[in-house]
Amino acid sequence: MYRPKGGVAQNYMYCNPFARSRGGDKQAHGIGFGGTTTQPRLFIDESFDNCVGASGDGTFEAGPLLPPSSSTPGASSQKYFDVDAIEVWGVGGDDVVKNALHARSKQREIIDANIQKARQVDKRQFLDDFNTGIFESKAFAHKQQVQGRVDLHIEE
């Protein structure tokens, strides 16, 4: 057990589940303990592929979290590891879980409704936008190119 140092660094634990923002926020995505938000001391990523344990950080006392590597002993204070099993605990009882699942379901319904709304296209408005030049498209440029020709005949 490594105790907190009690200094300036107080990154005891964080959880960043937002996989969609990968790269945009420059933070590690998963569960981290100690270290910084970009390089935690103990880190389990969202896919369990790049789990890392380091021997020191600014928050907790120094010491190894993983057994020494037989291939390169002492080569690095940071080691990758695989997760064999994970145990997750929930607190709050059945009502809290039920309410959380209901809230998640409602949020997904809102997101799905917004996606469906965005997929619907008002064809008349779309065509009007093209005709008025809002899109600055070349779709109707041929009309202006043939203006003034003697043999011009436009059917509307």
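Refer to the preceding data block for the structure.
Anyway, here's the lowdown on the structure attached to this text. Being a predicted model, the structure only gives us computed values, none of them experimental.

### Structural notes on the packing of aromatic side chains
- Scanning all chains against the criterion turns up 1 aromatic pair.
- The aromatic ring of Y2 is capped on one face by R41, whose charged end is 5.1 Å from the ring centroid.

### What to know about the pattern of salt bridges
- Overall, the coordinates contain 1 salt bridge when judged by the stated rule.
- A salt bridge links D57 to R41, with the nearest nitrogen and oxygen atoms 3.1 Å apart. You can see D57 sitting in the loop between β4 (51–54) and β5 (78–81) and its partner R41 sitting in the loop between β2 (30–33) and β3 (42–45), a full 16 residues away along the chain.
- The buried category is assigned to R41, whose relative accessible area is 3%.

### Notes on the environment of Q39
- In this fold, Q39 is placed in the loop between β2 and β3.
- The exposure class of Q39 is partly exposed, given its relative accessible area of 47%.
- Distance from Q39 to V52, taken between C-alpha atoms, is 9.1 Å for residues 13 residues apart in sequence.

The rules behind these values
- Residues numbered from 1 in each chain as written.
- Predicted model: local features only at pLDDT ≥ 70, side-chain atom pairs only at ≥ 80, totals over all residues.
- Heavy atoms only, no water.
- Phe/Tyr/Trp six-rings, centres within 6.5 Å; stacked < 30°, edge-to-face > 60°.
- Lys NZ or Arg CZ within 6 Å of the ring centre and 35° of its normal.
- Salt bridge = Lys/Arg side-chain N within 4 Å of Asp/Glu carboxyl O.
- Helix = DSSP H or I, 4+ residues; strand = E, 2+ residues; numbered from the N terminus.
- Buried < 20%, exposed > 50% of the residue type's maximum accessible area, 1.4 Å probe, protein only.

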